[in-house]
There are 2 protein chains.
Amino acid sequence: MKKRIVAVVLALPTLLTGAAFGEALTGKLSADEILASSEPEDWRRPDPNNLVYLDFKSGQVVIELSSRLAPQHVDRFRTLVRRGFYDGLTFYRVIDGFVAQAGDAFGRRESQDDMAPLAAEFETTLGDASDFAPLEAQDGYADHVGFVDDMPAAFDGERKEAWLLHCTGAVAFARANEKDTATTEFYITLQPHRYLDKNISVFGRVLYGMEHVQALRRVQPVGGEEQDLGEEIVSMRLEADIPASDRRPLFVLKAGVDTFDAYVEARRNRPEAFFYFRPDYVDICQLPLPVRATSSP
Amino acid sequence: MKKRIVAVVLALPTLLTGAAFGEALTGKLSADEILASSEPEDWRRPDPNNLVYLDFKSGQVVIELSSRLAPQHVDRFRTLVRRGFYDGLTFYRVIDGFVAQAGDAFGRRESQDDMAPLAAEFETTLGDASDFAPLEAQDGYADHVGFVDDMPAAFDGERKEAWLLHCTGAVAFARANEKDTATTEFYITLQPHRYLDKNISVFGRVLYGMEHVQALRRVQPVGGEEQDLGEEIVSMRLEADIPASDRRPLFVLKAGVDTFDAYVEARRNRPEAFFYFRPDYVDICQLPLPVRATSSP
């Protein structure tokens, strides 16, 4: 392998040579180096009641839920997962570059389950403003973006309202045109779709295994029972309900700690010798949120 | 199918009811309706010398090249495609959420082909500023974004320099740390990665079949010849070199025409009744550029 389009983890900070544009940033640590030198307390083990394991034949996806920003939606999703509602259903609407949508395509289970439509949770009041960790970055869709529960979020400081963003891997219930109509069908975004923010109640994000979502067979419902209903959900389980030996050791970098701030800076202006132009900017949806799958953080 | 998370094409413009946020936009056409009522002259048939057909076993991808913004890179790519250089090679580095990279992983063909490293074309002078169709949207990575050759681009009006953007589906050659080192390996972005702008010479974008790129098997080169080298490129051909009967009837909406402006406005503020909050903004990488595969535009 001769070339990589991004620098790999470097043994030592490198000096920048031959910079055609931008300013020379010497001796700074790359994002990978910053994470490598982080402390265990920079990382958080998610609450097992907030982790959903979604099994395909092709592999496992792990979703983290945010009770803080969409409590009713999370409660519903948890209930459905615990009932095994989704087991054997499919991702029946998978549109490239848009979303992968799953659930009860013909409404058979739902009619038996008496799942009343949910009131929208487009925004949720943050009792404590410090639960929002701001990202210093102008944003076209919201006045202030950052993180809540270490997930991409926006915050209206005057109204104290926060909401999760439709970056890639956002998880939400589908709804009809009227806002209080979500019941059981859910989707995962395959690309950022920020125009959906505050129009649908995002309640979580994919922490792990997003490649299995991206690779789902593209299908479009066309009506009729003979159509391809897409790939099957073998099972969905709450981590709290599975044996410790089956749990993945996932750790999430905490937004707001010094390590996180250094990581963000290294994403704004990458110090690696590979880069000639440094934008001094990072879009919230282009900032990969560090997750580790390791026995200790 | 009970719910969709976006409104489908509507027979008639709808009245907005129950808007909790945003302003009521009544009687406006949706993006789909605007495209449905476009005129043939709003669309462009790409030059067959600028279209590359990339065949996987799973399906076909079509890439459009921009000679205007990266003439030397396009010339190299065209030459390699015409030689059949990539036929039988693989996408050997496919990293979820990042890029799918293809080419001569072990440098065997390249050593026979005498492909000298290319001088970077990070930016290219636009002789005619009207070749840049601006998008009115603040952007964190560049002062002015818009379109050149109907591809997402940025433009520095003072220096008259333009460059293509790393939105999803951007096509570029990989390089080593030094800027003038691209030879034959290329990649396609799976998500927006704007920090790569002006650091690598983007020379085209995927027009069609992006779902086949998104579904490529994720592989990482680890060294050694026994590793999984990923999915094979069955063949790559220039459209100009294939029979008319095998050509796809692809048409691209022209940036800058009235239909395009109306389309952009309908993306900034979606008039469909589904939407309660309208951001009055669209990010350049979240604006899907209309392409039609149809016998006439």
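For the structure itself, look to the data block above.
Summarised in this report is the structure supplied together with it. A quick note: this is a predicted structure, and the numbers were derived from the prediction, not measured. (Residues numbered from 1 in each chain as written. Chains lettered and ligands numbered in written order. Predicted model: local features only at pLDDT ≥ 70, side-chain atom pairs only at ≥ 80, totals over all residues. Heavy atoms only, no water.)

Here we look at the interface of chain A and chain B
Contact residues are listed per partner, giving 67 residues for chain A and 67 residues for chain B. Contact between chain A and chain B buries roughly 6100 Å² in total, counting both sides, with carbon and sulfur atoms accounting for 56%. Our count for the chain A to chain B interface comes out at zero salt bridges. On inspection of chain A and its partner chain B, the count reaches 22 residue pairs in polar contact (both at pLDDT 80 or more). At three residues, helix α4 (residues 210–214) of chain A tops the list of elements feeding residues into the side of chain A that touches chain B. Across the side of chain A that touches chain B, the residue classes tally to 33 nonpolar, 14 polar and 20 charged. (Contact = heavy atoms within 4.5 Å. Buried area = accessible area lost by both parts, 1.4 Å probe. Salt bridge = Lys/Arg side-chain N within 4 Å of Asp/Glu carboxyl O. Polar contact = N/O pair within 3.5 Å; in protein donor to acceptor, adjacent residues only side chain to side chain. Helix = DSSP H or I, 4+ residues; strand = E, 2+ residues; numbered from the N terminus. Nonpolar A, V, L, I, M, F, W, Y, C, P; charged D, E, K, R; others polar.)

So, the relation of the copies chain A and chain B
Structural alignment of chain A on chain B gives an RMSD of 0.0 Å, achieved by rotating through 180° and translating 0.0 Å along the axis. In symmetry terms, the pair is related by a two-fold rotation axis. Among all residues of chain A, the one whose C-alpha sits closest to the rotation axis is A215(A), at a distance of 2.1 Å. A share of 100% of interface residues in chain A that are also interface residues in chain B marks the association as one of identical surfaces. (Least-squares fit on C-alpha atoms with pLDDT ≥ 70 in both.)

Here we look at the sheet that holds strand β17 (residues 291–293) of chain A
All names here are of chain A. As summarised here, the arrangement of the three strands in space is β1-β16-β17, forming an open sheet in which the pairing is antiparallel. Either end of the sheet is taken by a strand with one partner, and the two such strands are β1 (43–44) and β17. Where strand β16 (residues 250–253) lies against β17, three bridges are found, and the strand directions are antiparallel. Bridge pairing in β17 links V252 to V291. (Pairing = 2+ DSSP bridges.)

Some points on the state of the cysteines
All names here are of chain A. Tallied over the entire structure, the rule returns two disulfides over all chains. Covalent S-S linkage joins C167 and C285, the inter-sulfur distance amounting to 2.0 Å. Measuring the twist about the S-S bond at about -80°, one finds the C167-C285 disulfide to be left-handed. Of this pair, C167 sits in the loop between β10 (161–164) and β11 (170–173) while C285 sits in the loop between α5 (258–268) and β17, placing them 118 residues apart in sequence. Look at C167 and you get buried, because its relative accessible area is 5%. (Disulfide = S-S within 2.5 Å. Buried < 20%, exposed > 50% of the residue type's maximum accessible area, 1.4 Å probe, protein only.)

Focus: the packing of aromatic side chains
Residue and element names in this part refer to chain A. Scanning the model with the defined rule gives 32 aromatic pairs over all chains in all. The interplanar angle of 45° and the centroid separation of 4.8 Å between the aromatic rings of F173 and F203 together place this pair among those described as tilted. Of this pair, F173 sits in strand β11 while F203 is found in strand β13 (residues 202–208), placing the two residues 30 residues apart along the sequence. A residue is classified by how much of its surface remains accessible, and F173, at 1% relative accessible area, is buried. With a centroid separation of 6.2 Å and 40° between ring planes, the pair formed by F260 and Y263 is classed as tilted. Taken as a pair, F260 and Y263 lie in helix α5 at a separation of three residues, close to a single helical turn. (Phe/Tyr/Trp six-rings, centres within 6.5 Å; stacked < 30°, edge-to-face > 60°.)

Overview of the environment of I95(A)
Residues and elements named next belong to chain A. Inspection of the secondary structure puts I95 in the loop between β4 (90–94) and β5 (99–103). Each C-alpha atom of the pair I95 and R218 lies 5.8 Å from the other, and the pair is 123 residues apart in sequence. Residues contacting I95, with those up to four places away along its chain left out, are L190 and Q220.

A short note on the side chain of H73(B)
All names here are of chain B. Tracing the sequence through the fold places H73 in helix α2 (residues 71–83). A distance of 2.5 Å separates polar atoms of two side chains, one belonging to H73 and the other to E121. Setting aside residues up to four positions removed in sequence, H73 forms contacts with L118, A119, A120, E121, F173, A182, S201 and F203.

Notes on unusual backbone geometry
Of all residues except glycine, most have a negative phi; of all peptide bonds, most are trans. All names here are of chain A. With a phi angle near 60°, K198 is a residue other than glycine that sits in the positive phi range. With respect to the helices, strands and loops of the structure, K198 is situated in the loop between β12 (186–189) and β13. In this model, D280 sits at a positive phi of 55°, which is unusual for a non-glycine residue.

Section: the sheet that holds strand β14 (residues 231–232) of chain A
All names here are of chain A. Spatially, the nine strands line up as an open sheet ordered β14-β4-β5-β12-β11-β13-β3-β2-β15, and their pairing is antiparallel. Of all the strands in the sheet, the pair left with one neighbour each is β14 and β15 (235–238). Bridge count between strand β3 (residues 59–65) and β13: four bridges; the pairing is antiparallel. Its bridge partner lying in β13, E64 is registered against R205. Its contacts with the sheet place helix α2 (residues 71–83) against β2 (51–56), β3, β11, β12, β13 and β15, and it is angled at close to 120° to β15. (Axes fitted to C-alpha atoms, helices over the stretch in contact; angles between N-to-C directions.)

Let's talk about the pattern of salt bridges
Residues and elements named next belong to chain B. Under the defined criterion, the tally for this structure stands at 35 salt bridges over all chains. Between R44 and E64 there is a salt bridge, with its nearest N and O atoms 2.8 Å apart. With R44 in strand β1 (residues 43–44) and E64 in strand β3 (residues 59–65), this residue pair connects regions lying 20 residues apart in the sequence. Each member of the pair, R44 as well as E64, is classed as buried. Residue D241 pairs with R82 through a salt bridge whose shortest N-O separation is 2.8 Å. Taken together, the residues span a long stretch of sequence, with D241 in the loop between β15 (235–238) and β16 (250–253) and R82 in helix α2 at a distance of 159 residues. For D241, a relative accessible area of 42% gives the class partly exposed.

Structural notes on the pairing of strand β11 (residues 170–173) of chain B
All names here are of chain B. Every second residue of β11 is oriented toward a common face, with A170 and A172 on one face and V171 and F173 on the other, all of them buried. As paired strands, β11 and strand β13 (residues 202–208) are joined by three bridges and run antiparallel to one another. Of the residues in β13, the one forming a bridge with V171 is G204. In this sheet, strand β12 (residues 186–189) lies alongside β11 in antiparallel orientation, the contact comprising three bridges. For A172, the partnering residue across the bridge sits in β12 and is Y187.

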